[in-house]
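Chain by chain, the residues run as shown.
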Amino acid sequence: MGMPIAFFEVVSDDHERAQKFYAAMFDWQVAVDPGMGGYGLVDTGSGEGAIGGGIGPSAAPGDTGVKIYVRVPDLQASLDRAEELGGTVLVPPTDLPGDFGRFALLADPDGNPVGLWA
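Keep in mind that what you see is a predicted model, and the values were worked out from it rather than measured. (Residues numbered from 1 in each chain as written. Predicted model: local features only at pLDDT ≥ 70, side-chain atom pairs only at ≥ 80, totals over all residues. Heavy atoms only, no water.)

**Description of the pairing of strand β2 (residues 29-33)**
Applied cut-off: Following DSSP output, two strands are said to pair if at least two bridges run between them. What counts as a helix is a DSSP run of H or I of at least four residues, what counts as a strand is a run of E of at least two, and both are numbered from the N terminus.
As paired elements, β2 and strand β3 (residues 39-43) share five bridges and run antiparallel to each other. Paired with Val-32 across the two strands is Gly-40, which belongs to β3. Hairpin connection from β2 to β3: five residues lie between these consecutive antiparallel strands, with Gly-37 at a positive phi of about 70 degrees.

What follows is the structure, given as structure tokens:
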């Protein structure tokens, strides 16, 4: 069985503008958390099985854009597999605040960032 897309993320140099844009464009609710630097969790309002997301500020040069996060059973094993297939590890397994689990980031062979979530 394939691994599901579990989360999406929009990172912007002007995250407040991005939050307002996506909320108005798609009628999404964005719950901004000042304790997370203004990062906002997105509720698309599409029901219980819908994929959630986040819209937040840029943390480093070149990190803006849209990413998907794929739910995987083992972050390190998935990063190792990505490297075997020509990908590159961008962020090693890292704890998320609260009860949100752990994440990692890789770049595919074309340089596209892809998030992993466990």
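From this point, the narrative continues.
**Some points on helix α2 (residues 75-84)**
The periodicity of an α-helix, 3.6 residues per turn, causes residues three or four positions apart to be oriented the same way. Let me state the cut-off plainly: Summary of the burial criterion: residues with accessible area below 20% of their type's maximum are buried, those above 50% are exposed, and those between are partly exposed, where the area comes from a 1.4 Å probe applied to protein chains only. Starting at the helix axis, one direction is taken to each C-beta atom, and the arc is that of these directions. By definition in these notes, contact holds between two residues if any of their heavy atoms fall within 4.5 Å. In protein, a polar contact means a hydrogen-donor-capable atom and an acceptor-capable atom, both N or O and within 3.5 Å, with residues adjacent in sequence counting only if both atoms are side-chain atoms; elsewhere, any N or O pair within 3.5 Å suffices.
For α2, the complete set of buried residues consists of Leu-75, Ser-78, Leu-79 and Ala-82. The arc that holds the buried residues of α2, viewed along the axis, is 100 degrees, so those residues lie on one side. Among the structural elements, β6 (88-95), β7 (102-107) and β8 (113-117) are those in contact with the buried residues of α2. With a side-chain oxygen lying 3.0 Å from the backbone nitrogen of Gln-76, the N-terminal cap of α2 falls on Asp-74.

**Observations regarding the sheet that holds β2**
Under the convention used in this document: The angle between two axes is taken between their N-to-C directions and runs from 0 to 180 degrees, where each axis is a line fitted to C-alpha atoms and a helix contributes only its stretch in contact.
One open sheet accounts for eight strands, arranged β2-β3-β4-β1-β5-β8-β7-β6; its pairing is mixed. What marks the edges here is a single partner per strand, and that holds for β2 and β6. Geometrically, the sheet is characterised by an average inter-axis angle of 25 degrees between neighbouring strands, direction not taken into account. Sheet strands touched by helix α1 (residues 15-26): β1 (5-12), β2, β3 and β4 (52-57). Its angle to β4, the strand with the most contacts, is close to 150 degrees.

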